Amino acid sequence: MTARRGAGSAALGYERRFGSGWTSGVFAVSSGVLALGAVVCMLFPDLLTTPDARPLYPLAAIRALVHFLIVAALGLGTLSLVLSRRLPLGLAGLALAVVALLLGGSQVEIGAVSGRPAWIGLDWFLLNLFVLGLVFVPLEVLFARLPEQGFFRVGWLTDLLHFMVSHLLVQVTVLLTLAPAALFFRWAVDSRLQAAVAAQPAVVQFVAIVVVADLAEYAIHRLFHRVPWLWRFHAIHHSSRTMDWLAGSRIHLVDAIVTRALAFVPLYVLGFSPGPVYAYLVFVSFHAVFLHANVYFRFGPLDHVIGTPRFHHWHHAVHPVDRNFAIHLPVIDRLFGTHYLPPGQWPGDYGIAGHPVPEPYPRQLVYPFVRGG
Ligand SMILES: [Zn+2]
Ligand SMILES: [Zn+2]
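Residues numbered from 1 in each chain as written. Chains lettered and ligands numbered in written order. Predicted model: local features only at pLDDT ≥ 70, side-chain atom pairs only at ≥ 80, totals over all residues. Heavy atoms only, no water.

(A) Layout of helix 2 (residues 22-43). Compared with an ideal rise of 1.5 Å per residue, which puts 22 residues at 32 Å, helix 2 spans 32 Å between its outermost C-alpha atoms and is within 8% of the ideal. Counting buried residues along helix 2, 16 of its 22 residues qualify, which places the element largely inside the surrounding structure. (Helix = DSSP H or I, 4+ residues; strand = E, 2+ residues; numbered from the N terminus. Expected span 1.5 Å × (residues − 1). Buried < 20%, exposed > 50% of the residue type's maximum accessible area, 1.4 Å probe, protein only.)

Quick look at the structure:
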């Protein structure tokens, strides 16, 4: 395990103990990437930002944050150079900050918006990386199940690429998630039923959405495990050999889109109000990340009510396979006889026996389509 976690840092020649310039270097690069990304988004909003999100951004706060990130990248980059006497991380942090400054820094002028039909969700990627990182990195430091694992474990770059591409392509994935329901299931819509559903209090609708969506997700998930050609897509998600908040992002685009599109069908047919549906989307995006996190919390009886990291980690165990298909509600697995949660125990090894899936991101994308690959 020590050899594994050390692989990334050893490649750059850094020691990882506190005060060695490693942590300051990593934070310098992270701050520089976020700052430069935000500046580029402000320069080219037409191409690089989500149209629906543009009016919602608090610009003054974002400019203040960009300013803070640039200062942090400059300060921490310098600190890393001094402490480590090594160039890569500190210099990269400084370079990112300088480029962000040359492009206009926190006071960059916002570019023109002409309403182009196709765009890239760079803002969506940066926002999610920032918010999820802010929540889950401290959680994994403070409550790590495997403290020695660290962020830069085997496969972190592959998972980050999955995370990045799926967020940059948000326009395509949202369209492909929502469109099939309206295209193929309009016949199933009953306006009186929809009116009755939408008339329920928001909390009732939210709970109903969690139940309905998870029943659908359970069925689709089992199908992905049962049907051999579907499994080749889902195997990508199961190829993670370490669990943490980023590991859950390792999902083949086809797996993600088909699962979400099918799970959306009952929500579309039943006609839930937009408010509870949006609340569910926020809930599922945090809960799905949490389920994979490298955290050790004791939930007691709640273990049997709501999906916890220990519950989903067993879904990723090498042995036994085909357990715990539900996302939110373990009771669904109890109903169908697929529940597995030995008291207090965690899996020894994660992944697929024999590890048939290749590690590099491009090879994972084509893996389901390559015979014997
Ligand atoms: Zn699975
Ligand atoms: Zn998972």
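(B) Broad picture of the layout of surface pockets. Roughly 1,400 Å³ of volume is contained in the second largest pocket. Lining of the second largest pocket is provided by 43 residues; of these, V26, S30, V137, F151 and F152 occupy positions nearest its centre. Those elements that provide at least two residues to the lining of the second largest pocket are helix 1 (2-12), helix 2, helix 4 (59-84), helix 6 (122-142) and helix 7 (156-168). In the lining of the second largest pocket, the residues fall into 29 nonpolar, 8 polar and 6 charged. (1 Å grid on protein atoms, 1.4 Å probe; cavity = no way out; pocket = protein on both sides within 12 Å on 5 of 7 lines; lining within 4 Å. Points joined across faces, edges and corners; volume = space filled by probe spheres on them. Nonpolar A, V, L, I, M, F, W, Y, C, P; charged D, E, K, R; others polar.)

(C) Summary view of the packing of aromatic side chains. Under the criterion given, the structure shown has 19 aromatic pairs. Between F185 and W187 the ring centres are 6.1 Å apart and the planes differ by 35°, which places this aromatic pair in the tilted class. For W187, a relative accessible area of 67% translates into the label exposed. Taken together, a centroid distance of 5.7 Å and an interplanar angle of 75° make the contact between F206 and F283 edge-to-face. Taken as a pair, F206 in helix 10 (residues 202-226) and F283 in helix 13 (residues 274-292) lie far apart in primary sequence, 77 residues in all. Using a relative accessible area of 24% as the deciding quantity, one classes F206 as partly exposed. (Phe/Tyr/Trp six-rings, centres within 6.5 Å; stacked < 30°, edge-to-face > 60°.)

(D) Local environment of the side chain of S84. Along the chain, S84 turns up in helix 4. Looking at S84, its side chain comes within polar contact range of the main-chain oxygen of S80, at 2.6 Å. At a separation of 3.0 Å, a polar atom in the side chain of S84 contacts the main-chain amide nitrogen of R86. Setting aside anything within four residues of it in sequence, one finds S84 in contact with Y14, S20 and G21. (Polar contact = N/O pair within 3.5 Å; in protein donor to acceptor, adjacent residues only side chain to side chain. Contact = heavy atoms within 4.5 Å.)

(E) View of the coordination of the zinc ion (ligand 2). For the zinc ion (ligand 2), the full set of protein donor atoms is H237 (NE2), H292 (NE2), H312 (NE2) and H316 (NE2), at a range of 2.0 to 2.1 Å. Around the zinc ion (ligand 2) sit 4 donor atoms; with metal-centred angles ranging over 94 to 155°, the donor geometry is irregular. Of note, the zinc ion (ligand 2) draws all its donor residues from one chain, in the sequence arrangement H-x54-H-x19-H-x3-H. (Donors = N, O, S within 2.8 Å, 3.2 Å for Na, K, Ca; no water. Tetrahedral: all angles 85-135°; square planar, octahedral: opposite > 155°, others 65-115°.)

(F) Summary view of the packing of helix 6 against helix 7. Interaxial distance between helix 6 and helix 7 falls to 7 Å at its minimum, and their mutual angle equals 135°. One element, helix 6, and the other, helix 7, form an angle in the oblique class. Crossing geometry of helix 6 relative to helix 7 is assigned as right-handed. Contacts between helix 6 and helix 7 involve L122, W124, F125, N128, L129 and L132 from the former and L160, F163, M164, H167 and L168 from the latter. Residues of the contact of helix 6 with helix 7, tallied by class, amount to 9 nonpolar, 2 polar and no charged. (Axes fitted to C-alpha atoms, helices over the stretch in contact; angles between N-to-C directions. Parallel < 35°, antiparallel > 145°, perpendicular 65-115°, else oblique. Left-handed = near helix turned anticlockwise from the far one by under 90°.)

(G) Local environment of the nonpolar core. Among the nonpolar cores identified, the biggest contains 30 residues, and L122 and F136 are the most heavily contacted of them. For this core, the secondary structure elements donating two or more residues are helix 2, helix 4, helix 5 (88-102), helix 6, helix 7 and helix 13. Here the element with the most residues in this core is helix 2; it accounts for 8 residues. Beyond its immediate stretch of four places on either side in the chain, F136 contacts W245, F286, V289, F290 and A293. Counting 23 residues, the second largest nonpolar core, distinct from the first, contains A181, A213, F264 and A326. (Core = buried A, V, L, I, M, F, W, Y, C linked by side-chain atoms within 4.5 Å.)

(H) Representation of the pattern of salt bridges in the model. Within the structure shown, the criterion is met by 6 salt bridges. Between D159 and R153 there is a salt bridge, with its nearest N and O atoms 2.9 Å apart. A salt bridge links R153 to D244, with the shortest nitrogen-to-oxygen separation between them at 2.6 Å. Of this pair, R153 sits in the loop between helix 6 and helix 7 while D244 sits in the loop between helix 11 (228-238) and helix 12 (253-270), placing them 91 residues apart in sequence. (Salt bridge = Lys/Arg side-chain N within 4 Å of Asp/Glu carboxyl O.)

(I) Just the coordination of the zinc ion (ligand 1), in detail. Within the first shell, the zinc ion (ligand 1) binds the protein through H221 (NE2), H225 (NE2), H234 (NE2), H238 (NE2) and H315 (NE2), at distances of 2.0 to 2.2 Å. Within one chain, the residues serving as donors to the zinc ion (ligand 1) are arranged as H-x3-H-x8-H-x3-H-x76-H. One end of the pair, H221, is in helix 10; the other, H315, is in helix 14 (residues 309-315), and 94 residues separate them in sequence. Across the pair, exposure class does not vary: H221 and H315 are buried alike.

(J) Main features of the environment of R153. Classification of R153 by relative accessible area gives buried; the value is 3%. R153 sits 93 residues away from L246 along the chain, and the two C-alpha atoms are 11 Å apart. Ignoring any residue separated from it by four or fewer positions in sequence, one finds R153 in contact with D159, T242, D244, L246 and A247. A polar contact is formed between the side chain of R153 and the side chain of D244, at a distance of 2.6 Å.

(K) Inspection of the side chain of R145 at higher detail. Structurally, R145 is set in the loop between helix 6 and helix 7. Look at R145: it is buried, it has no salt bridge, and the nearest opposite charge is E148 at 8.2 Å. A distance of 2.9 Å separates a polar atom in the side chain of R145 from a polar atom in the side chain of Y350. Every residue in contact with R145, bar those within four places of it in the chain, is listed here: N294, V295, Y296, H313, W346, P347 and Y350. (Lys, Arg positive; Asp, Glu negative; His and termini not counted.)

Nothing here speaks to function; it is all geometry.
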